[in-house]
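What follows is each chain in one-letter form.
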Amino acid sequence: MVLDGVDLTVAPGDRVGVVGPNGVGKSTLLRSLAGQAVLDAGRVELSPPSANVGLLPQEPDRRPGETLRAFLERRTGVAAAQAALDEATEALTEGRAGADDAYAVALERWLAIGGADLDVRAEQVCAELGLPADALDAPTTALSGGQAARGSLAAVLLSRFDITLLDEPTNDLDFDGLERLERFVTGISGALVVVSHDRAFLDRVIDSVAEIDQHRRDVTHYAGGWEAYLEARDIDRRHARERYEDYADTRAGLVSQVQRQREQSVRGAIRAKRKVPDNDRSVRSYKIEAATKSASRVRNLETKLNRLEEVDEPRKEWQLRMTIAAAPRSGDVVATLAGAVVEYPAEPAATAGGFRLGPVDLTLSWADRVVITGPNGGGKSTLLAALLGRVPLAAGTATLGSGVRVGQVDQARDRFRGEKTTLTIAEEATGWVMAEVRTLFAKFGLAADQMTRPAGALSPGERTRAGLALLQAVGVNCLVLDEPTNHLDLPAIEQLESALETYPGTLLLVSHDRRMLDAVRVTRRLHVEAGQVTESAL
């Protein structure tokens, strides 16, 4: 069961943040609100019934042959509204019964979600986001990773829904994109329900939190913003523990009294029988009266015990305890780029004339802790690939130092995709036996059945957890993390930050998570934009 007995009311103008561990059902909740999930029980009610609900899922789902324009029409709901309007128009032309009302409803919806001027707005928004002029008519599969992220943001900025549902909208966005997203979210007039693990984003945009409990699978609603939620949640957990302890103490006391009273009655009866003759009527009467009183006291205590309202013991919260296995240190020089140039030629259907990084001159030394920032499509991931010798150079040289053992979580989480099972991938990466791998992944909240399914069936958050688990199994001295907080739940993010603090080796971190950048200690800061690399002072 994913969700159980969920009650959630979203009023006009509400800004609700949905939180909970990976795999708890946050995306399912959004799909249920959007009418895209079949409910086993209960219902979703809209007021008014004609309210437009739009869901923008967390992964771009680029489809072969689909242009960016068609992608935006689909994501904003205009494509579906246009199809309904076309069908209603045909029915009206043919004079079918009820065609007038159907056409009016379809036209009203098409206008409400912005179908009339979507093309004009799309051109304007794409230009503001820095997408090439001809990007709208290019296949989405030909877009670079940075361009795809901007395309997803464009879909959000172009949407006009009464209720907007956003699933991890901050993933892969650069700082400029995050600012645009925040301005849009705070400016919409309708209701918003957003799933996000970006703590800074939540702090800025929400006014309440819906927390999905990973054991009960229900929702607890907290009024107030992010910080208010954290405080209220801690108070609730403390009170729940106190209520249980009071109940447990009271119950234990009553059980002890019942047992003690019974033992005293038995001992009293035995002593009386030994000391007093059976033919003494007055004593016999006294014994009967005492036994009756004792039995009455026992019954009263048992009644109190039975009527005591049971309080379930709060479950101890499962907590990830993450460490990064460190390999022996490498040489003083970890990686070097000298006049390095990387060129990606334009694909036949691409929107621009390819990409060029460099020339880059850069030396990475042992125990450097480097954060790499820059706009989407600027070349951050390409720089990482060049440093690690994983991309051919058009010019210059790339050298990896002696004794370097790289551990990487790449932006696309490519290791955990395809038909191989997660268990097989982990066994190949670690050399461990099945039982050891299962134990490792269990520590990262991944169940046994998830190990035997194709890795591609894992959710984005589960793929990230799996990648981090391998870092705990295989010793590394050069850690490369490309947007590691994407799709990762909040407790895991905090554990990752803690693990990075004690990690002794070389670190390369690409991130737009503002809280993580504040939390992680770094020694160097690189900025990559338009294929050029600059280093700035901390």
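Everything below is about the structure shown above.
Every residue gets a number counted from 1 within its own chain, in the order that chain's sequence is written. Thresholds applied to this predicted model are a pLDDT of at least 70 for local features of residues and 80 or more for the giving and counting of side-chain atom pairs; totals over whole chains, interfaces and linings are not thresholded and use all residues. Only hydrogens and water are set aside when side-chain values are computed; all heavy atoms of the structure are taken into account.

A. Main features of the overall build of the protein chain. Helix numbering and strand numbering both begin at the N terminus, where a helix is a DSSP run of H or I of at least 4 residues and a strand a DSSP run of E of at least 2. Helix and strand counts for the protein chain come out as 17 helices and 15 strands. Over its C-alpha trace the protein chain gives a radius of gyration of 31 Å, far above what one expects of a compact globule, namely 24 Å for 538 residues. Projecting the C-alpha coordinates of the protein chain onto the three principal axes gives extents of approximately 115 × 80 × 40 Å. Here, residues are in contact when the closest pair of their heavy atoms is within 4.5 Å. Counting contacts in the protein chain only where the partners sit at least 6 residues apart, residues at least 24 apart contribute 74% of the total. Each radius of gyration reported is based on C-alpha atoms, and the globular scaling rule is 2.2 Å times the count of residues to the power 0.38.

B. Just the environment of Ser381, in detail. Residue placement: Ser381 occurs in helix H11 (residues 380–387). Taking C-alpha positions, Ser381 is 43 Å from Leu85, a pair spaced 296 residues apart along the chain.

C. Molecular detail of the packing of aromatic side chains. What counts as a ring pair is set by centres within 6.5 Å for rings of Phe, Tyr and Trp (its six-membered ring), and what kind of pair is set by the plane angle: stacked under 30 degrees, edge-to-face over 60, tilted for all other angles. The full count for this structure, using the stated rule, is 4 aromatic pairs. Arranged with centres 5.2 Å apart and planes meeting at 40 degrees, the rings of Trp226 and Tyr229 form a pair that is tilted. One end of the pair, Trp226, and the other, Tyr229, are both in helix H9 (residues 226–275), 3 residues apart, so they sit about a helical turn from each other. Note on accessibility: Trp226 and Tyr229 belong to one class, buried. Relative accessible area decides the class of each residue, using a 1.4 Å probe on protein chains only: under 20% of the type maximum gives buried, over 50% gives exposed, and in between gives partly exposed.

D. Broad picture of the side chain of Thr506. With respect to the helices and strands, the residue Thr506 is situated in strand S13 (residues 506–510). In this structure Thr506 comes out as buried when scored by relative accessible area, which is 0%. Of the polar contacts made by the side chain of Thr506, one reaches the backbone nitrogen of Ala367; its length is 3.0 Å. In contact with Thr506, not counting residues within four places along its chain, are Val334, Leu364, Ser365, Trp366, Ala367, Asp368, Asn477, Cys478 and Leu479. What qualifies as a polar contact is a pair of N or O atoms within 3.5 Å, subject to a donor-acceptor requirement within protein and to the restriction that residues adjacent in sequence count only when both atoms come from side chains.

E. Main features of the environment of Ile372. Residue placement: Ile372 occurs in strand S9 (residues 369–373). Here Ile372 falls in the buried class, since its relative accessible area comes to 0%. In this structure, the C-alpha to C-alpha distance between Ile372 and Leu508, residues 136 residues apart in sequence, is 7.3 Å. Sequence-distant contacts of Ile372, defined by excluding residues within four places in its chain, comprise Lys380, Leu383, Leu384, Leu508, Leu509, Val510, Ser511, Leu526 and Val528.

F. The arrangement of empty space enclosed by the protein in detail. In the cavity and pocket records, a cavity denotes points on a 1 Å grid over the protein atoms alone where a 1.4 Å probe fits but cannot get out, a pocket denotes an open set with protein on both sides within 12 Å along at least 5 of 7 lines, and lining residues are residues with an atom within 4 Å of a point. Grid points are joined across faces, edges and corners, and a volume is the space filled by probe spheres set on the points. For the coordinates displayed, the defined rule picks out 2 cavities of 30 Å³ or more. The computed volume of the largest cavity comes to approximately 130 Å³. Every residue lining the largest cavity is counted, 16 residues in all, and those nearest its centre are Thr170, Asn171, Asp198, Thr485 and Asn486. Gly falls in the polar group here, along with every residue not listed as nonpolar (Ala, Val, Leu, Ile, Met, Phe, Trp, Tyr, Cys, Pro) or charged (Asp, Glu, Lys, Arg). Here the residues of the lining of the largest cavity are counted per class, giving 3 nonpolar, 8 polar and 5 charged. Its volume calculated, the second largest cavity comes out at about 40 Å³. If you go around the second largest cavity, the residues you meet are Arg62, Leu68, Phe71, Thr140, Leu143, Gln147, Ala148 and Gly151. Residue assignment for the lining of the second largest cavity shows that the elements contributing at least two residues are helix H2 (68–75) and helix H6 (145–158). It is H6 that provides the largest number of residues to the lining of the second largest cavity, a total of 3 residues. Among the residues making up the lining of the second largest cavity, the classes are represented as 4 nonpolar, 3 polar and 1 charged.

G. Spatial organisation of the pairing of strand S5 (residues 208–212). For S5, the buried fraction is high: 5 of the 5 residues fall into the buried class. Judged by which residues are buried, S5 turns out to be covered on both faces: Ser208, Ala210 and Ile212 on one side and Val209 and Glu211 on the other are all buried. Relative to S5, strand S1 (residues 15–19) runs parallel, the two being bridged by 4 bridges. Bridging across to S5, Val16 finds its partner in Ser208. Here S5 pairs with strand S6 (residues 219–223) via 5 bridges, running antiparallel. Each bridged residue has a counterpart across the sheet, and for Ile212 the counterpart in S6 is Val219. Paired strands, as defined in this entry, are two strands with at least two bridges between them according to DSSP. Hairpin connection from S5 to S6: 6 residues lie between these consecutive antiparallel strands, with Arg217 at a positive phi of about 65 degrees.

H. Fine view of helix H16 (residues 490–502). One less than the number of residues in a helix, times 1.5 Å, gives the span that helix is expected to have. Given a rise of 1.5 Å per residue, 13 residues ought to cover 18 Å, and the 19 Å separating the end C-alpha atoms of H16 matches this to within 8%. Taken residue by residue, H16 has Leu490, Ala492, Ile493, Gln495, Leu496, Glu497, Ala499 and Leu500 as its buried positions. Measuring from the side-chain oxygen of the N-cap residue of H16 to the backbone nitrogen of Ala492 gives 3.0 Å; that N-cap residue is Asp489.

I. Up close: helix H5 (residues 118–128). Within the sequence span of H5, burial applies to Leu118, Arg121, Ala122, Val125 and Cys126. One side of H5 holds all its buried residues, which, seen down the axis, span an arc of 125 degrees. Exposed residues pointing more than 90 degrees away from the buried face of H5 are listed as Val120 and Ala127. The first or second residue beyond H5 is Gly130, which carries a positive phi of 80 degrees. Relevant arc is that of directions from the helix axis to the C-beta atoms, nothing else.

J. Up close: the pattern of salt bridges. We define a salt bridge as a side-chain nitrogen of Lys or Arg found within 4 Å of a carboxyl oxygen belonging to Asp or Glu. Using the criterion set out here, one finds 27 salt bridges in the structure. The residue Arg514 makes a salt bridge to Glu182 at a minimum N-O spacing of 2.8 Å. Here the residue Arg514 occupies a position in helix H17 (residues 514–519), and Glu182 occupies one in helix H7 (residues 175–187), the gap between them amounting to 332 residues. Taking the relative accessible area as the measure of exposure, Glu182 reaches 11% and is therefore buried. Here Glu501 and Arg521 are joined by a salt bridge, their closest N and O atoms 3.4 Å apart. In this pair, Glu501 sits in helix H16 while Arg521 sits in the loop between H17 and strand S14 (524–529), placing the two residues 20 residues apart along the sequence. In this structure Glu501 comes out as partly exposed when scored by relative accessible area, which is 39%.

K. Examining the nonpolar core more closely. Nine residue types can take part in a nonpolar core, namely buried Ala, Val, Leu, Ile, Met, Phe, Trp, Tyr and Cys, and a core is a set of them joined through side-chain atoms within 4.5 Å. Counting residues in each nonpolar core, the largest one holds 83 residues, and the members touching the most others are Leu68, Leu72, Phe441, Leu481 and Leu500. Residues from two domains meet in this core; each of domain 1 (65–161) and domain 3 (333–536) gives at least three. Among the nonpolar cores identified, the runner-up in size contains 26 residues, and Leu362, Leu383, Val391 and Cys478 belong to it. Where each domain starts and ends comes from a domain assignment, either automatic or drawn from a database.

L. Spatial organisation of the sheet that holds strand S8 (residues 355–365). Across the sheet, 3 strands lie side by side as S8-S7-S10; this open sheet has antiparallel pairing. The strands lining the two open edges of the sheet, one partner per strand, are S8 and strand S10 (395–400). Direction aside, the axes of adjacent strands within the sheet are offset by 20 degrees on average. Here strand S7 (residues 333–344) pairs with S10 via 5 bridges, running antiparallel. Counterpart to Ala338 in the pairing with S10 is Thr397. Under this scheme, a helix contributes an axis fitted over its contacting stretch, all axes are lines through C-alpha atoms, and angles between N-to-C directions fall in the 0 to 180 degree range. Across the sheet, H11 touches S7, S8 and S10, and the angle it forms with S7 is around 125 degrees.

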